[in-house]
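Next come the chains, spelled out residue by residue.
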Amino acid sequence: RDLLTMVWFACTTTQGLAPFVRMELEQMGVASDCRHTDSFVRFQVAEGASVAALLQMRTIEKLYVGICELDEGQMVAIGKAGPDHARDILMSAIGTGDWVDATEVWRDVSGCMEDTPTFRVSCKRVGGRTKHLKSVEIAAGVGLKIRENQRWAADLHAFDVEVYLRVEDSYSFCGLCLTKERLTDREDLLSEGLRASVAYSMGLLCDIKPGMRVLDPMCGKGALLLGIAQTHTAALFLGCDNSNGQLVKCAQNAITTKTRSNLHVWKGDATRIALPTNSIDRVMCDLPFGKKFGSAKGNLSLYPRVLAEVHRVLAPECCAVLLTNVRQHKTLVACLQPLFQLDHKYRIKLGHHDCIIAKVTALPQPTKEPEAQPKQAKEKSPAIGLSTEDTAAISQKVQQ
């Protein structure tokens with residue numbers, strides 16, 4: 001049998017994004033089994049899958065190959081046992097785990113062929129069942145067991161491999177890390193914006209197909225658009241923002257990511273988008289939280305105006321995926337009816353912010369005569385040299 005189908009894999013992700021990791025695995029068709037908690041996903045791979053493909057995933061932070069896993073029954077026993085006995089149960093399972101296959105997979109990925117590689121152990125506890133145990137003491141015990149059984153040398157700084165132990169209420173997982181750096185760290189962005197894993201997750205919800213027209217009406221530095229445009233080269237991505245400074249950074253990011261052929265941005269107002277009615281297939285938007293940009297009071301009037309304009313440009317029964325923080329969730333929900341239907345919402349953690357990703361579908365509305373739009377003064381955008389009049393050319397391209 002294929003070695004990869006005989007071991008378990010696992011990955012960490014941003015808190016709340018585990019369902020999106022599962023979506024990406026299903027889209028790739030590489031996972032034969034998948035189980036997840038809030039920010040940790042364990043899975044087996046289908047025959048013919050490769051680690052190289054897993055390392056190209058956009059929703060995960062680090063990837064691990066499994067040595068052993070403890071089930072809920074064993075975790076119940078650990079929760080009832082004293083600290084010493086609980087650690088003995090963990091050490092016994094790890095010591096008798098599948099080190100041979102896991103090490104072979106790690107060596108294939110890392111290229112390290114040292115007989116006695118150096119290692120470091122890290123441990124993360126989640127939940128209350130093992131609160132009587134300390135992560136540092138668990139890691140130290142696992143380290144001693146590895147030195148005794150595998151004859152590897154411990155090195156907290158210049159290590160060849162990281163041994164990762166995840167202890168949750170319903171299971172424990174021990175594995176070897178296949179990535180030294182987080183896969184979500186984006187070196188191609190000159191000016192960082194929205195976390196890459198969150199941007200890609202929003203794109204997964206959008207379900208973008210070739211030929212679709214995708215709009216971000218508050219694109220800022222372009223992190224959201226660029227995070228999706230790189231992997232959907234057959235779709236057209238459009239963005240506008242009212243800040244010259246943000247558009248300059250967006251243009252710089254488009255150059256460094258080499259994403260320009262299917263991306264068009266211009267200076268514009270999200271409450272008065274210079275695009276025809278029903279001309280867009282998908283909308284993605286990172287709405288202002290009222291912290292760094294705008295205010296909570298200002299959002300009370302801004303959100304309804306933006307969503308009304310998003311509804312105007314969206315084709316009937318097409319969807320929008322919106323990101324905001326929990327404190328602005330009520331403001332967002334209050335704006336949806338009667339324009340949108342809330343399909344799904346996911347709670348995630350972004351730094352210190354508890355956030356909501358909402359997928360909504362545009363509902364059909366009674367037709368009415370369009371209001372006359374006042375003429376705007378011609379103004380050049382330093383980002384890409386478009387004027388507000390020049391956006392007519394983009395509108396024509398959208399209609400084609």
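Up top is the structure.
Here the structure is a predicted model, which is why all the values come from computation and not from measurement.

Enquirer: In this structure, what is going on with the overall build of the chain? I would like to understand it.
Expert: Across its full length, the chain carries twelve helices and 15 strands. Across the 400 residues that make up the chain, the buried fraction comes to 52%. Taking the contacts inside the chain whose residues are at least 6 apart along the sequence as the reference set, 76% of them involve residues at least 24 apart. Counting every atom, the chain has about 19,000 Å² of accessible surface; 50% of that belongs to carbon and sulfur.

Enquirer: What is the right way to look at the pattern of salt bridges in this model?
Expert: Side-chain pairs of opposite charge can arise where the charged atoms are in close proximity. All chains considered together, the criterion is met by 14 salt bridges. For Arg35, the salt bridge goes to Asp33, with nearest N and O atoms at 3.2 Å. For Arg35, a relative accessible area of 39% corresponds to the partly exposed category. Across the salt bridge formed by Glu309 and Arg312, the nearest N and O atoms sit 2.8 Å from each other. Residue Glu309 and its partner Arg312 are both found in helix H10 (residues 296–313); the two are separated by three residues, about one turn of the helix.

Enquirer: Please clarify how the side chain of Thr130 should be interpreted in this entry.
Expert: The topology assignment puts Thr130 in the loop between strand S5 (118–125) and helix H6 (135–150). Setting aside chain neighbours within four positions, we find Thr130 in contact with Met75, Ile78, Arg125, Val167 and Asp169.

Enquirer: Hey, could you run me through the pairing of strand S1 (residues 9–12) in this one?
Expert: Along S1, one buried face is formed by Phe9 and Cys11 and the opposite face, lined by Ala10 and Thr12, is buried too. The pairing of S1 with strand S4 (residues 62–70) spans four bridges and is antiparallel. Residue pairing for S4: Cys11 is matched across the bridge by Leu63. In this sheet, strand S3 (residues 40–45) lies alongside S1 in antiparallel orientation, the contact comprising four bridges.

Enquirer: Please explain the sheet that holds strand S7 (residues 161–167) as it appears in this structure.
Expert: Backbone hydrogen bonds are what pair the strands of a sheet, in a parallel or an antiparallel way. Judged by pairing direction, the sheet is mixed, and its eight strands sit side by side in the order S2-S3-S1-S4-S8-S7-S5-S6 without closing on themselves. Looking along the sheet, the strands with just one partner apiece sit at the ends: strand S2 (31–36) and strand S6 (153–154). Across the sheet, helix H1 (residues 18–28) is in contact with S1, S2 and S3; its angle to S2 comes to roughly 175°. Along the sheet face, H6 touches S5, S6 and S7 and points at about 145° away from the line of S5.

Enquirer: Would you explain the packing of aromatic side chains in this entry?
Expert: Pairs of aromatic rings are described using the distance from one ring centre to the other and the angle between the two planes. A complete count under the given rule lists nine aromatic pairs for this structure. Linked through ring pairs, Phe40, Tyr64, Tyr164, Tyr171 and Phe173 together constitute an aromatic cluster. Between the NZ or CZ atom of Arg42 and the centre of the ring of Tyr171, over which it lies, the distance is 3.6 Å. Here the basic side chain of Lys180 rests over the ring of Phe159, its NZ or CZ set 5.5 Å away from the ring centre.

Enquirer: Looking at this structure, I do not really get the sheet that holds strand S11 (residues 263–267). What am I missing?
Expert: Taken together, seven strands build an open sheet; the order of strands is S11-S10-S9-S12-S13-S15-S14 and the sheet is mixed. In the strand order of this sheet, the two ends are held by S11 and strand S14 (340–350), each with one partner. When the angles between neighbouring strand axes are averaged without regard to direction, this sheet yields 15°. Bridge analysis of strand S12 (residues 280–286) against strand S13 (residues 314–325) gives six bridges, and the strand direction is parallel. Along S13, the bridge assignment pairs Arg282 with Cys319. The strands touched by H10 within the sheet are strand S9 (213–216), S12, S13, S14 and strand S15 (353–362), with S13 carrying the most contacts at an inclination of about 150°. Contacting S13, S14 and S15, helix H11 (residues 329–336) runs over the sheet at an angle of about 165° to S13.

Enquirer: Is there a simple way to explain unusual backbone geometry in this structure?
Expert: Glycine aside, residues mostly have negative phi, and peptide bonds are mostly found in the trans state. Put simply, Gln337 and Pro338 share a cis peptide bond, and its omega is 0°. Considering the arrangement of structural elements, one finds Pro338 in the loop between H11 and S14. Phi is positive for Arg151, close to 65°, though the residue is something other than glycine. Within the element layout of this structure, Arg151 appears in the loop between H6 and S6. Residue classification places Arg151 among the exposed residues on the basis of a relative accessible area of 61%. Located in the positive-phi region is Glu317, a residue other than glycine, with phi close to 65°. Along the polypeptide, Glu317 turns up in strand S13.

Enquirer: Quick question: what am I supposed to make of the nonpolar core here?
Expert: A general feature of soluble globular proteins is that nonpolar side chains tend to end up buried together. In terms of nonpolar packing, the biggest core is built from 52 residues, with Phe9, Leu25, Phe43, Leu54, Val105 and Leu176 touching the most fellow members. Residues contacting Leu54, with those up to four places away along its chain left out, are Phe9, Leu25, Met28, Val30, Phe43, Val45, Ile60 and Leu63.

Thresholds, definitions, all that
Residues numbered from 1 in each chain as written. Predicted model: local features only at pLDDT ≥ 70, side-chain atom pairs only at ≥ 80, totals over all residues. Heavy atoms only, no water. Helix = DSSP H or I, 4+ residues; strand = E, 2+ residues; numbered from the N terminus. Buried < 20%, exposed > 50% of the residue type's maximum accessible area, 1.4 Å probe, protein only. Contact = heavy atoms within 4.5 Å. Areas by Shrake-Rupley, 256 points an atom, 1.4 Å probe, with all protein chains shown as cover. Salt bridge = Lys/Arg side-chain N within 4 Å of Asp/Glu carboxyl O. Pairing = 2+ DSSP bridges. Axes fitted to C-alpha atoms, helices over the stretch in contact; angles between N-to-C directions. Phe/Tyr/Trp six-rings, centres within 6.5 Å; stacked < 30°, edge-to-face > 60°. Lys NZ or Arg CZ within 6 Å of the ring centre and 35° of its normal. Core = buried A, V, L, I, M, F, W, Y, C linked by side-chain atoms within 4.5 Å.

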